[in-house]
Amino acid sequence: MGLANGGDVVTGDPGVWRLLGENHCNASARFMLLDLRGKKALVTGIANNKSIAWGIAQQLHAAGAELGVTYLPDDKGRFEGKVRELTAPLSPTLFEPLNVQDPAQIEAVFAKVKEQWGQIDVLVHCLAFAGKDELIGDYSNISPEGFARALEVSAYSLAPLCKHAKPLFSEGGSVITLSYLGAERAIPNYNVMGVAKAALEASVRYLAAELGEKQVRVNAISAGPIRTLASSAIGGILDMIHNVEEKAPLHRTVTQDEVGGTAAFLASNLASGITGQTIYVDAGYCITGM
Ligand SMILES: NC(=O)c1ccc[n+]([C@@H]2O[C@H](COP(=O)([O-])OP(=O)(O)OC[C@H]3O[C@@H](n4cnc5c(N)ncnc54)[C@H](O)[C@@H]3O)[C@@H](O)[C@H]2O)c1
């Protein structure tokens, strides 16, 4: 599988990308591998084939990582069946229920990681939730319950996941979470989710400072708007996408695969010097002024 940018990246052995930096590197550094073989990556947040986490899982798998997948359990088992079928071709060696609002489920997931894998190399936090009513209209209408729930699921949850993963991380681990420009700009209707993403990005910096001792890196990818289950709850998501298509330097929004490619890079040793950052994968939209 190649990447959309052409030029620097060509397909090599199955599952391994080769970066040819002929124009940019000296001879000794010319040939580098984005190689995740031997790495164990736990991916949260796959709901369906539109999920950003699905794009990330596919790219991690293509680069050779062994995958573990979690799904949000519900009474009717809707997500479990769907996510199991979708991810089967990637042969996940862990498949566990995880509602981040249930501390017992978080504990159980990492007990399973310890028992089955013995270690973890990559943790992908790709989940968020806010009530539909909170994602439209005036921000000042937010209820304390709506505020607390959005912040708990979308921002706080990164901390307990990192806490449980911390003792299991091997040298040079990577934590990746997903943010959006609404963390730092007032985007119509994004409302409490913008506040949650601001808290998430700040959490990334504090967790990076904490986990750096173990050479574990913690970064956020701030993705451009993509149509998914979660984003369809945001009032005017299509307008957000059209606005990006009109104004972003690349005149389009991004794909799940492009976000996945950056996640694979951040998971790899090629990103060994990057931590505590928010990296924009948004076709350049965040640099525009008008
Ligand atoms: N789609 C976009 O435009 C966009 C842009 C930037 C960032 N993001 C972020 O990307 C991440 C993934 O969202 P997506 O757009 O792929 O939508 P999605 O609906 O495919 O994924 C959201 C996931 O969150 C999970 N989730 C919700 N509540 C949970 C809980 N209590 N416990 C565990 N899991 C829970 C859902 O099961 C789902 O898998 C989110 O953090 C979102 O804010 C999305």
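Cut-offs used in this document
- Residues numbered from 1 in each chain as written.
- Predicted model: local features only at pLDDT ≥ 70, side-chain atom pairs only at ≥ 80, totals over all residues.
- Axes fitted to C-alpha atoms, helices over the stretch in contact; angles between N-to-C directions.
- Helix = DSSP H or I, 4+ residues; strand = E, 2+ residues; numbered from the N terminus.
- Parallel < 35°, antiparallel > 145°, perpendicular 65-115°, else oblique.
- Left-handed = near helix turned anticlockwise from the far one by under 90°.
- Contact = placed C-beta atoms within 7 Å.
- Nonpolar A, V, L, I, M, F, W, Y, C, P; charged D, E, K, R; others polar.
- pLDDT = per-residue confidence, 0-100.
- Core = buried A, V, L, I, M, F, W, Y, C linked by C-beta atoms within 7 Å.
- Buried ≥ 20, exposed ≤ 12 C-beta atoms within 10 Å, placed from the backbone.
- Near = placed C-beta within 6 Å.

### Here's the deal with the packing of helix α1 (residues 52-62) against helix α8 (residues 256-267)
Phase 1 of the analysis: Contact pair α1 / α8: the axes reach a minimum separation of 7 Å and the direction vectors enclose 50°. In terms of orientation, α1 lies oblique with respect to α8. Regarding α1 and α8, the two cross each other, and that crossing is right-handed. Residues Ile-52, Trp-54, Gly-55, Ile-56, Gln-58, Gln-59 and Leu-60 of α1 touch α8, and the partners they reach there are Gln-256, Asp-257, Val-259, Gly-260, Gly-261, Ala-263, Ala-264 and Ala-267.
Phase 2 of the analysis: The residue inventory of the contact of α1 with α8, partitioned by class, reads 8 nonpolar, 6 polar and 1 charged.

### Remarks on the confidence of the model for the protein chain
Phase 1 of the analysis: On average, residues of the protein chain carry a pLDDT of 91, and 89% of them reach 70 or more.
Phase 2 of the analysis: Considering only residues more than four positions removed or in separate chains, one finds that residues 1-31, a stretch of pLDDT under 50, has 38 contacts.

### Comments concerning the nonpolar core
Burial of nonpolar side chains together is a common tendency in soluble globular proteins.
Phase 1 of the analysis: Grouped together as the largest cluster of nonpolar side chains are 75 residues, with contacts concentrated most on Val-43, Ile-56, Leu-60, Val-124, Ala-263 and Ala-267.
Phase 2 of the analysis: Ranked by residues supplied to this core, first place goes to helix α6 (residues 191-211) with 9 residues.
Phase 3 of the analysis: Not counting chain neighbours up to four residues away, the residues in contact with Val-124 comprise Ala-41, Leu-42, Val-43, Thr-44, Ala-53, Ile-56, Ile-176 and Ala-263.

### Remarks on the site of the ligand
Phase 1 of the analysis: Among the 26 residues in the neighbourhood of the ligand, the closest are listed as Ala-47, Ser-51, Leu-127, Thr-228 and Ala-230.
Phase 2 of the analysis: The residue makeup of the shell around the ligand, split by class, is 19 nonpolar, 6 polar and 1 charged.

### Here's the deal with the environment of Gln-101
Phase 1 of the analysis: Note that Gln-101 resides in the loop between β6 (94-97) and α3 (103-116).
Phase 2 of the analysis: Overall, the presence of 14 C-beta atoms within 10 Å leaves Gln-101 in the partly exposed class.
Phase 3 of the analysis: Along the sequence, Gln-101 and Arg-149 sit 48 residues apart, while their C-alpha atoms lie 8.9 Å from each other.
Phase 4 of the analysis: With near-sequence residues (within four places) excluded, Gln-101 lies in contact with Glu-152 and Val-153.

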